[in-house]
Amino acid sequence: MILPTAADTRAYGERLASLLRAGDLVVLTGPLGAGKTALTQGIAAGLGVRGPVTSPTFIMARVHPDGRVPLVHVDAYRLGGSDDLEGEIDALDLDVTAEDAVTVVEWGTAVAHRLAEDYLEVQITRTADSDDRTATLVPHGPTWPTRLTEIPATA
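Before going into details, it helps to say that this report is about the structure given with it. Predicted model only: the values in this text are computed from it and were never measured. (Residues numbered from 1 in each chain as written. Predicted model: local features only at pLDDT ≥ 70, side-chain atom pairs only at ≥ 80, totals over all residues. Heavy atoms only, no water.)

## Let's talk about the overall build of the protein
Right, on to step 1. Secondary structure assignment for the protein yields 6 helices and 7 strands.
Right, on to step 2. Secondary structure elements of the protein, listed N to C terminal, follow the sequence β-α-β-α-β-β-α-α-β-α-β-β-α.
Right, on to step 3. Within the protein, counting contacts between residues at least 6 apart in sequence, those at least 24 apart form 63% of the total.
Right, on to step 4. Put simply, the protein shows about 7,700 Å² of open surface, and 54% of that area lies on carbon and sulfur atoms. (Helix = DSSP H or I, 4+ residues; strand = E, 2+ residues; numbered from the N terminus. Contact = heavy atoms within 4.5 Å. Areas by Shrake-Rupley, 256 points an atom, 1.4 Å probe, with all protein chains shown as cover.)

## Describing the sheet that holds strand E6 (residues 119-126)
Right, on to step 1. Spatial strand order, E1-E7-E6-E2-E5-E4-E3: 7 strands in an open sheet with mixed pairing. This sheet does not close on itself; its edge strands, each paired only once, are strand E1 (2-3) and strand E3 (61-64).
Right, on to step 2. Bridge analysis of strand E2 (residues 25-29) against strand E5 (residues 102-106) gives 4 bridges, and the strand direction is parallel. If you follow Val-26 over to E5, its bridge partner there is Val-104.
Right, on to step 3. Packed onto the sheet, helix H1 (residues 6-17) meets E1, E6 and strand E7 (133-140) and runs at close to 20° relative to E7.
Right, on to step 4. Relative to the sheet, helix H2 (residues 36-47) contacts E2, strand E4 (71-75), E5 and E6, its axis offset from that of E5 by approximately 170°. (Pairing = 2+ DSSP bridges. Axes fitted to C-alpha atoms, helices over the stretch in contact; angles between N-to-C directions.)

## Things to note about the pairing of E6
Each regular strand shows side chains that alternate between the opposite faces of the sheet.
Right, on to step 1. Where E2 lies against E6, 4 bridges are found, and the strand directions are parallel. Within E6, the residue paired with Thr-29 across the bridge is Gln-123.
Right, on to step 2. Note: E6 against E7, 8 bridges, orientation antiparallel. Bridge pairing in E7 links Leu-120 to Pro-139.
Right, on to step 3. What sits between E6 and E7 in their antiparallel hairpin is a turn of 6 residues.

## As for the packing of aromatic side chains
Right, on to step 1. On inspection of all chains with the given rule, the structure shows 0 aromatic pairs.
Right, on to step 2. The positively charged end of Arg-147 is found above the aromatic ring belonging to Trp-144, 3.9 Å away from the centroid. (Phe/Tyr/Trp six-rings, centres within 6.5 Å; stacked < 30°, edge-to-face > 60°. Lys NZ or Arg CZ within 6 Å of the ring centre and 35° of its normal.)

## Observations regarding the side chain of His-73
Right, on to step 1. Looking at the secondary structure, you find His-73 in strand E4.
Right, on to step 2. The class for His-73 is buried, based on a relative accessible area of 0%.
Right, on to step 3. Among the polar contacts listed, one links the side chain of His-73 to the side chain of Glu-106, at a separation of 2.6 Å. (Buried < 20%, exposed > 50% of the residue type's maximum accessible area, 1.4 Å probe, protein only. Polar contact = N/O pair within 3.5 Å; in protein donor to acceptor, adjacent residues only side chain to side chain.)

## Describing the pattern of salt bridges
Right, on to step 1. What the rule picks out here adds up to 3 salt bridges.
Right, on to step 2. For Asp-24, the salt bridge identified is with Arg-147, shortest N-O distance 2.5 Å. Of this pair, Asp-24 sits in the loop between H1 and E2 while Arg-147 sits in helix H6 (residues 144-147), and the two are 123 residues apart along the sequence. By the burial criterion, Asp-24 is buried, and Arg-147 matches it. (Salt bridge = Lys/Arg side-chain N within 4 Å of Asp/Glu carboxyl O.)

Dropping the structure here:
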């Protein structure tokens, strides 16, 4: 999916949110500035989250409890700085909220398989000579290939 603007990226996130339910894990990958937080803002809007959704870079995880499903927004960029990645993941207490919320993890490639077998990866790339983004959905696990056929064409 080509996303020319940040607004298009947020709108795509809103469409993705229609597929999401409690217990889902969404892993966002892409370079700095690719639009991971903009996509999360769209997911939050689609879930009915009120209030601002900003990058959780310095606190690593933010919980937004007020949507149709709570949203946990995690930035895993700084994870892996020690020899105990498992301990770092456990310290976030994501397993406590995972069953009751949609969890979106930016920079989550290294931790995704430790959080769930069944998850959706969204790979976001940017074109070097424009602001266009490309979002590619990569299903992991048994349920996502079927669920992805249900994404609406428009928000």
